[in-house]
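As a plain string of letters, each chain reads:
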Amino acid sequence: MYKIFETVDDVSRYTAQRLLAKIQAMPRAILGLATGSTMEPVYAKMLQDLQHQPLDVSQLTTFNLDEYIGLSAQHPQSYNYYMHQHLFNQFKIPEHNVHLPDGLAADIEQACLAYSSAIQSRGGLDLQLLGIGSNGHIGFNEPQTCFNSRTHVVELSEQTRIDNGRFFSDQNEMPTHAITMGILDILEAKEIILVATGPNKTDIMAQLFHSAVDEALPASALKQHSNLTIVLDREAAAALPEHALNSVI
Ligand code: GLP
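All of these numbers come straight from a predicted model, not from anything done at the bench.

(A) A look at the packing of helix α2 (residues 39-52) against helix α3 (residues 79-88). Taken N-terminus to C-terminus, the directions of α2 and α3 make an angle of 35°; their axes are 9 Å apart at the nearest point. Contacts between α2 and α3 involve Met 39, Glu 40, Tyr 43 and Leu 47 on the former and, on the latter, Tyr 82, Met 83, His 86 and Leu 87. Residues that form the contact of α2 with α3 fall into these classes: six nonpolar, one polar and one charged.

In structure tokens form, the structure reads like this:
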């Protein structure tokens, strides 16, 4: 199902409300969370809404999608740092319920196995929030990732290194590898919300719309999911065919 809104603000308000409604209905929910610039206004809206709509988050559990290899939790570009800065410093989930892949794990392969197992042992994700890379990646699952994958190490594509390099003051500091939940981990979530905004996402959203389920476009795996909402602003939806827009707005 597509939900298309005029502005980023509208997209963020809608997405934040979906997350808060989930928490209200399921205080013990297992949430899959995402990073990236798309999610910043979503988390900001959640925090804003929580000022008027207090919620008990003490029983929530979260698993983030991915993390760079080689960055500590204190590194300002690590996803661990991002999540604390944009959400967890104010959204007081007990720290032991917050999970991110460990980019400094001594045994990375073991850490990957343990991450997927930890999700499964809690009964899987109740809701997974996703952004999308300009090459169609979800998490850090780059094109040609196997759709049966679990949490694993990836070498970042050149496109991703260019896209995400903008966050690093020195491009050479941009990691070459990351840990990401696998596509199968994501697909096993009971509910998925994918959010894309702005002109950088126009082309990939049109490609995704037209694509078959194909490992060349990781996000196309989501077309197999029975409870998917794709939330777009006008700009990200700009190249969807007219008939699609008419039917979804
Ligand atoms: C990174 C993250 C993805 C995210 C993507 C989009 O690569 N690993 O999970 O979806 O960026 O980021 P942005 O929202 O900044 O466009």
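Picking up after the structure, the text goes on.
(B) Geometry of helix α5 (residues 158-165). Considered for burial, the residues of α5 that qualify are Thr 160, Asn 164 and Gly 165. Taken end-on, α5 shows its buried residues confined to a sector of 125°, consistent with a single buried face. In α5, those exposed residues whose orientation departs by more than 90 degrees from the buried face are Glu 158 and Ile 162. Residues of α5 that are buried make contact with β4 (66-68) and α3.

(C) Representation of the environment of Pro 218 within the structure. Note on placement: Pro 218 falls in the loop between α7 (202-210) and β10 (228-233). For Pro 218, a relative accessible area of 1% corresponds to the buried category. A C-alpha to C-alpha distance of 8.6 Å links Pro 218 and Asn 135, two positions 83 residues apart in sequence. The residues touching Pro 218, leaving out its near neighbours within four places in the chain, are Asn 135, Gly 136, His 137, Ile 138, Asn 141, Glu 142, Pro 143, Phe 147 and Ile 183.

(D) Looking closely at the pairing of strand β3 (residues 61-64). Side chains Thr 61 and Phe 63 project from β3 onto one buried face, and the interleaved Thr 62 and Asn 64 project onto a second face that is buried too. Direction of pairing for strand β2 (residues 30-33) relative to β3: parallel, over a ladder of four bridges. By the bridge assignment, Ile 30 is partnered in β3 with Thr 61. On the question of chirality, the crossover connecting β2 to the parallel β3 by way of α2 is right-handed. Relative to strand β5 (residues 98-99), β3 is paired through two bridges, and the arrangement is parallel. Bridge pairing in β5 links Thr 62 to Val 98.

(E) Main features of the site of the ligand. The local shell around the ligand holds 13 residues, among which Ser 37, Thr 38, Asp 66, His 137 and Lys 201 are the closest. Interatomic distance of 2.7 Å between a side-chain N/O atom of Asp 66 and a nitrogen atom of the ligand. Here an oxygen atom of the ligand and a side-chain polar atom of Lys 201 are 2.6 Å apart. For the shell around the ligand, the residue count by class is three nonpolar, seven polar and three charged.

Rules used throughout
- Residues numbered from 1 in each chain as written.
- Predicted model: local features only at pLDDT ≥ 70, side-chain atom pairs only at ≥ 80, totals over all residues.
- Heavy atoms only, no water.
- Axes fitted to C-alpha atoms, helices over the stretch in contact; angles between N-to-C directions.
- Helix = DSSP H or I, 4+ residues; strand = E, 2+ residues; numbered from the N terminus.
- Contact = heavy atoms within 4.5 Å.
- Nonpolar A, V, L, I, M, F, W, Y, C, P; charged D, E, K, R; others polar.
- Buried < 20%, exposed > 50% of the residue type's maximum accessible area, 1.4 Å probe, protein only.
- Arc of directions from axis to C-beta.
- Pairing = 2+ DSSP bridges.
- Right-handed = clockwise from strand over helix to strand, strands pointing away.
- Near = heavy atom within 4 Å.
- Polar contact = N/O pair within 3.5 Å; in protein donor to acceptor, adjacent residues only side chain to side chain.

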